[in-house]
Structure formats: structure tokens, C-alpha cells
Amino acid sequence: MDPSKTLVTIFGGSGFVGTQVVQALARRGYRVRVAVRRPDLAGHLRPLGAVGQVMPVQANVRNAASVERAVRGAGIVINLVAIGYEAGRQRFRAVNTMGARHIAQAAKAAGAHALVHMSALGADAQSASGYARSKALGEAEVLAAFPEAVIVRPSIIFGQGDGFFNRYGSLARLFPVLPLLGGKTRFQPIYVGDVAEAIVAAAEGRVKGGRAYELGGPEVATHRDLVQRVLDKTGRGNPLLPLPAAIGKLMALPFAFLPWAPLLTADQVDLLQVDNVVSEAARQDGRTLSAFGVAPTAMDAVLDGYLWRFMKHGQFDRQTA
């Protein structure tokens with residue numbers, strides 16, 4: 001396969017993970033079509049490749065016709081689209097499940113030879129979380145329409161611009177006490193660059209299709225340990241206040257009426273009650289990051305590079321010396 005002659009369509013390519021995937025593909029010489037709802041807000045992707053190599057186009061995964069237009073002529077299709085909370089027309093079923101179905105069906109109809117679908121570790125059709133259920137149903141829709149697709153399920157993803165460590169850094173700067181839900185729940189954070197490399201490897205056919213791969217980093221830590229790590233790296237001593245799930249759901253109620261992204265939802269409270277680590281079955285089957293030939297990056301090798309901004313004096317804090 002000649003990358004310069006292969007067109008890749010990436011849905012959700014302007015986001016946190018997508019930007020890394022676009023850059024990795026561009027470096028390898030692929031022509032990249034980035035399908036997003038607002039192409040006018042995806043201009044930051046163009047400089048990641050040569051002139052004309054990266055092209056944002058309009059598509060909405062809830063609209064099958066726009067998806068079909070976006071995959072036309074593509075040899076590889078990658079789906080990174082997902083929502084973590086519901087708002088307006090953006091519902092779990094519409095985006096995480098039916099959106100995945102639209103992309104898989106369009107990729108098959110267009111004759112694409114590879115489809116990579118990013119799901120999430122913890123996807124479970126029987127979960128109490130609507131998000132986790134919708135991701136599991138989305139996986140089923142993808143494999144039904146495109147049986148040879150590769151599904152990747154990362155744990156929480158860290159890196160510059162992430163939504164986990166940056167959020168706790170912001171909260172620690174704003175509130176003297178940090179509420180803690182699911183403090184004993186275990187996570188296996190994985191670096192965004194490692195996820196991107198795994199996705200590109202899957203797109204190039206370097207792993208077996210028709211399977212779900214579970215991606216985790218080199219370290220398993222509890223939710224409490226991860227929050228404490230943020231406090232330690234930012235030089236802050238905010239006390240942690242463990243709260244039961246019922247109280248957490250009550251706290252989430254007023255956030256549902258905020259005009260911006262909520263700090264907490266009842267669905268996220270449910271997610272925080274379940275471990276988010278690579279399963280023993282995946283390890284035994286070889287369905288982990290090692291299958292992609294990617295060496296996992298440690299959190300301490302990356303977190304200091306962006307958490308400094310949450311220190312009291314930012315880059316001028318004495319602890320950065």
C-alpha cells in the first residue's frame with residue numbers, strides 16, 4: 001500500500017485524539033480527509049501536513065448522507081466520534097451507536113479496505129451507564145456492518161489538552177476542597193500519542209481485524225491516587241472529600257442546567273463505580289497495546305509538561321526548577 005495514493009477519512013479528527021492521529025498519518029504520507037461538523041474550526045489541522053495533504057470537510061455522523069459523502073474514495077476510514085454527555089440532539093444512541101453504524105455501513109459501501117473504530121474501555125451493554133451501553137452497542141453495529149473492523153478500547157487518555165488531569169488541575173485551583181467519587185476505582189491511563197500510533201497501526205493492517213483491543217498504560221492506579229498525583233505535581237494541598245455515589249448524583253443535578261459542558265453528570269457517577277483497566281482475557285488473547293508494537297509511555301514522563309500551569313505561580317513556581 002502506497003500511503004501517498006491512499007485517502008484516509010477520519011471522523012472526529014479535530015479533537016484531542018484526532019489531532020494526534022492526523023499528524024501521525026500525515027507524517028507517513030497519507031492524504032487525510034477530516035470529517036467534522038464545523039470545518040471552519042478545524043484549520044489547525046492543515047499545517048500538520050504538506051499543502052493540500054490535510055483537508056477538513058463537513059459531516060455529521062447523525063446524517064447518513066453526509067457520512068457517505070465524506071468516505072467517498074477513501075481506502076481507510078477511522079471513527080473517533082463520541083460524546084460523553086447528552087445535550088440537545090447529541091444523544092448517546094444517536095452519536096455513539098447509530099453514528100458508528102452510519103460510518104461502518106458507508107465505509108463498507110465505499111469499498112474501504114480498513115475501518116478503525118475507537119470505543120472505550122468499560123463498554124458494556126449491561127452497564128448502569130448509558131454512555132457505556134451506547135459504546136458497546138456501537139461496537140456491535142460496527143462489526144455487523146464491517147466484520148473485519150478493528151475496535152480499540154482505551155482507558156482514560158492523558159496528554160496535553162486531556163479532559164482528566166487538566167480538569168482536576170482546574171478544580172484544585174478553584175476549590176479549597178475536592179469532592180472524590182469512586183476513589184477506589186482503578187484506572188490504567190494511556191498516553192494520547194500511544195493511542196494514535198495504535199490506531200495508525202490498525203489502519204495499516206498490522207493487527208488482526210474483527211476484534212476489540214483493550215489499551216492501557218504501564219501503570220494501574222486508583223482514582224484517588226490519580227487525583228493526588230495532580231495535587232502533588234501542582235504543589236497544592238487541597239483535602240480530598242470522599243463522597244458516596246448517591247450524593248454525587250445529587251450534586252450532578254444542577255449541572256444539567258448549565259449552558260456549557262457539565263462538570264459532572266449522573267451517568268459519569270455510574271462510570272466511576274467500575275474499574276477501567278485491561279482485562280485478563282484481553283491480555284491472554286494478545287488484544288492489548290503490545291499487539292500494535294507500541295511501548296507504553298509512563299504518566300510521569302508527560303504530566304510535568306503541562307500540569308505546571310496549575311501551580312500557584314505557573315512556570316515561575318520554584319517547584320519547576
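Scroll up for the structure.
The residue numbers shown here count from 1 along each chain, following its written sequence. Residue-level local features of this predicted model are given only where pLDDT is at least 70; pairs of side-chain atoms are given and counted only at 80 or more, and the full residue set underlies all totals for whole chains, interfaces and linings. Values reported for side chains reflect all heavy atoms of the structure, with hydrogen atoms and water molecules removed beforehand.

Visitor: I tried to follow the environment of Val142 on my own but got confused; where do I start?
Guide: Strands here mean DSSP runs of E at least two residues long; helices mean DSSP runs of H or I at least four residues long; both are numbered from the N terminus. Inspection of the secondary structure assignment puts Val142 in helix H4 (residues 130–145). Classification of Val142 as buried rests on a relative accessible area of 1%. Remark: the alpha-carbon pair of Val142 and Leu272, spanning 130 residues in sequence, is separated by 26 Å. Note on contacts: a residue pair is in contact if any heavy atoms of the two residues lie within 4.5 Å. With residues up to four places along the chain from it excluded, the contact list for Val142 reads Ala100, Ala104, Leu115, His117, Pro147 and Ala149. Note on exposure labels: buried denotes an accessible area under 20% of the residue type's maximum, exposed denotes more than 50%, and partly exposed covers the range between, all computed with a 1.4 Å probe on protein chains only.

Visitor: I would appreciate a short explanation of helix H3 (residues 92–109) in the present structure.
Guide: One turn of the α-helix equals 3.6 residues, which is why residues spaced by three or four share an orientation. Helix span, as expected, comes to 1.5 Å for every residue beyond the first. Over its 18 residues, H3 runs 25 Å from end to end, which matches the ideal 26 Å to within 8%, given 1.5 Å per residue. Two axes are fitted around each residue, one to the seven residues ending there and one to the seven starting there, and the angle between them is reported as the bend at that residue. At Met98, H3 is deflected by roughly 35 degrees, the largest bend along its length. Restricting attention to buried positions, one finds in H3 the residues Phe92, Val95, Asn96, Thr97, Met98, Gly99, Ala100, His102, Ile103, Ala104, Ala106 and Ala107. If you follow the buried residues of H3, they end up packed against strand E1 (7–11), helix H2 (64–71), strand E4 (76–79), strand E5 (114–118), H4 and helix H9 (266–271).

Visitor: Just checking my understanding: could you explain a nonpolar patch on the surface for this structure?
Guide: Patches here are clusters of residues that have more than 30% relative accessible area and form no salt bridge, with a 9 Å joining cutoff for like charges and a 5 Å cutoff for nonpolar side chains (Val, Leu, Ile, Met, Phe, Trp, Tyr). Only the protein chains shown count as cover for residues, with accessible areas throughout obtained via the Shrake-Rupley method and a probe of 1.4 Å. Counted as salt bridges are all cases of a side-chain nitrogen of Lys or Arg within 4 Å of a carboxyl oxygen of Asp or Glu. On the surface, Leu174, Phe175 and Leu263 cluster together into a nonpolar patch covering about 290 Å² of accessible area. Within the secondary structure layout, Leu174 lies in helix H5 (residues 165–174). On the accessibility criterion, Leu174 (62% relative accessible area) is exposed.

Visitor: Is there a simple way to explain the side chain of Arg33 in this structure?
Guide: Tracing the backbone shows Arg33 in strand E2 (residues 31–36). Pairs of N or O atoms within 3.5 Å make up the polar contacts considered here, provided that, within protein, one atom can donate a hydrogen while the other can accept it, and that residues adjacent in sequence are counted only when both atoms are side-chain atoms. For Arg33, the side chain forms a polar contact with the main-chain oxygen of Arg72, separated by 2.8 Å. What Arg33 contacts, discounting residues up to four positions off in sequence, is Leu7, Val8, Thr9, Ile10, Met55, Val57, Arg69, Ala70, Val71 and Arg72.

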